[in-house]
Structures are given as structure tokens and as C-alpha cells.
Amino acid sequence: MTRYDRTRRRIAPFAAAAVAAAGLLAATGALAYDGTNCRAPGNCWEPKPGFPAQVAGSKFDPKHNPAEVAKQSLSITAMEERNQKRVAYFQKTGQFVYDVSKIPSN
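These figures come from a predicted structure and were not determined experimentally.

What counts as what
Residues numbered from 1 in each chain as written. Predicted model: local features only at pLDDT ≥ 70, side-chain atom pairs only at ≥ 80, totals over all residues. Heavy atoms only, no water. Helix = DSSP H or I, 4+ residues; strand = E, 2+ residues; numbered from the N terminus. Buried < 20%, exposed > 50% of the residue type's maximum accessible area, 1.4 Å probe, protein only. Contact = heavy atoms within 4.5 Å. Areas by Shrake-Rupley, 256 points an atom, 1.4 Å probe, with all protein chains shown as cover. Lys, Arg positive; Asp, Glu negative; His and termini not counted. Salt bridge = Lys/Arg side-chain N within 4 Å of Asp/Glu carboxyl O. Expected span 1.5 Å × (residues − 1). Bend = angle between axes of the 7 residues up to and from the residue. Polar contact = N/O pair within 3.5 Å; in protein donor to acceptor, adjacent residues only side chain to side chain.

Peer 1: I'm lost on the overall build of the protein chain in this one. Help?
Peer 2: If you tally the helices and strands in the protein chain, you get two helices and zero strands. Looking at the 106 residues of the protein chain, the share that counts as buried comes to 7%. Taking as baseline every contact in the protein chain between residues at least 6 positions apart, the subset at least 24 positions apart corresponds to 0%. Carbon and sulfur atoms make up 61% of the accessible area of the protein chain, which amounts to about 9600 Å² in all.

Peer 1: What am I meant to see in the side chain of Arg86 here?
Peer 2: For Arg86, the location among the structural elements is in helix α2 (residues 66-93). Although Arg86 is buried, it forms no salt bridge, and the closest oppositely charged side chain is Asp99 at an N-O distance of 6.5 Å. With sequence-adjacent residues up to four places away left out, Arg86 is seen in contact with Phe96, Val97, Tyr98, Val100 and Ile103.

Peer 1: Can you walk me through α2 in this structure?
Peer 2: The periodicity of an α-helix, 3.6 residues per turn, causes residues three or four places apart in sequence to face the same way. Here α2 is 28 residues long and its end C-alpha atoms lie 41 Å apart, about the 40 Å a rise of 1.5 Å per residue gives. Taken as a whole, α2 carries its principal kink of about 25° at Gln72. The residue sitting at the N-terminus of α2 and contributing the capping side-chain oxygen is Asn65; that oxygen lies 3.1 Å from the backbone nitrogen of Ala67. Of the residues flanking the end of α2, it is Gly94, one or two places downstream, whose phi is positive at about 80°.

This is the structure we're talking about:
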């Protein structure tokens, strides 16, 4: 028996196991079906058992605080104002200054 034959005999069980694992992995797609009823192809959303069909107005509604939601738009507005100051100073002097507090107010 040659060295090649011995190596092939050692690797054969691992190769068979790898092929079996790949087959199981491919077959899990069929097992993933969770019992949903599709209204149309690709439109299979259903609420989980015990949850309402509409979240708005239910006990699961997060009821976001409008002031907290508005914080992001306020920060974006402030960022745009800083960027306008940086661009205006750069167009005027040709020097870019990142820190807006270091831009002269003149």
C-alpha cells in the first residue's frame, strides 16, 4: 500500500461527513417553513400568536415622545449650519477650518 492510498483512506470519512453536512445544510431550507399563509407570492407576513395585527394603539405601541424624535432633526439642522459656516469661510479665505469656534466672526 502506497503513501497516497493510506492518505486517501484517512481522508475518505472526513470527506463523506463534509458531503453529508452540506446535504443537511441544503435541506434546512425546506424545514424553515413556519406555517405562514401567504396572501400573494412574497407577501407572507403574519403577526406572531398573541400579538395584534396592528401595533398602533395596542399595548405594544412604543408611543415615542415627539421631543425625543425631534432631537435628530435638530442636530442635523445644527450640523448643516456649521457646514455652511465652514464653506463660507473656505470660499472667502481658501483655508478650511474644522472647528467652527475658531472661525472669526468678521
